[in-house]
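Observations on chain architecture
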Amino acid sequence: MAAGQVLRVLATDAGSVRDFQAYAQLSGQELLAFAELDAVYCYLLKKSVA
C-alpha cells in the first residue's frame with residue numbers, strides 16, 4: 001500500500017478489537033474507525049506517510 005491509502009479489514013474474532021488497536025499504536029498506522037455489526041468487526045486503517 002502507498003502512504004495515505006486506506007485499508008478496510010473485516011474480522012469475526014472479538015479479540016481483533018484489541019489487536020488492531022495495538023497494531024495501529026505500535027506500527028504508527030492510523031486506525032480511522034472500527035465498528036461491530038452482527039459479530040463482524042470492520043476496521044479502517046490508514047497507512048502512515050513516513
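Everything numeric here is computed off the predicted structure, so don't read it as measured data. (Residues numbered from 1 in each chain as written. Predicted model: local features only at pLDDT ≥ 70, side-chain atom pairs only at ≥ 80, totals over all residues. Heavy atoms only, no water.)

1. Structural notes on the overall build of the protein chain
A count of helical and extended segments in the protein chain gives one helix and three strands. Counted from the first residue to the last, the protein chain has its helices and strands arranged as β-α-β-β. Relative to the globule expectation of 10 Å for 50 residues, the C-alpha radius of gyration of the protein chain, 11 Å, shows essentially globular dimensions. Across its three principal axes, the protein chain shows a C-alpha extent of roughly 35 × 20 × 15 Å. Each of the 50 residues in the protein chain was classed as buried or not, and the buried ones make up 20%. Sequence-distant contacts in the protein chain: of pairs separated by 6 or more residues, those separated by 24 or more amount to 59%. Averaging the locations of the 4 positively and 5 negatively charged side chains of the protein chain gives two centres separated by 11 Å. (Helix = DSSP H or I, 4+ residues; strand = E, 2+ residues; numbered from the N terminus. Rg over C-alpha atoms; globule rule 2.2 N^0.38 Å. Buried < 20%, exposed > 50% of the residue type's maximum accessible area, 1.4 Å probe, protein only. Contact = heavy atoms within 4.5 Å. Lys, Arg positive; Asp, Glu negative; His and termini not counted. Charge placed at Lys NZ, Arg CZ, Asp CG, Glu CD.)

2. So, the side chain of glutamine 29
Relative to the helices and strands, glutamine 29 is located in the loop between α1 (16-27) and β2 (30-37). A polar contact of 2.7 Å, which involves the side chain of glutamine 29, links it to the backbone nitrogen of serine 48. Other than its neighbours up to four places away in sequence, glutamine 29 contacts Tyr23, Ala24, Lys46, Lys47 and Ser48. (Polar contact = N/O pair within 3.5 Å; in protein donor to acceptor, adjacent residues only side chain to side chain.)

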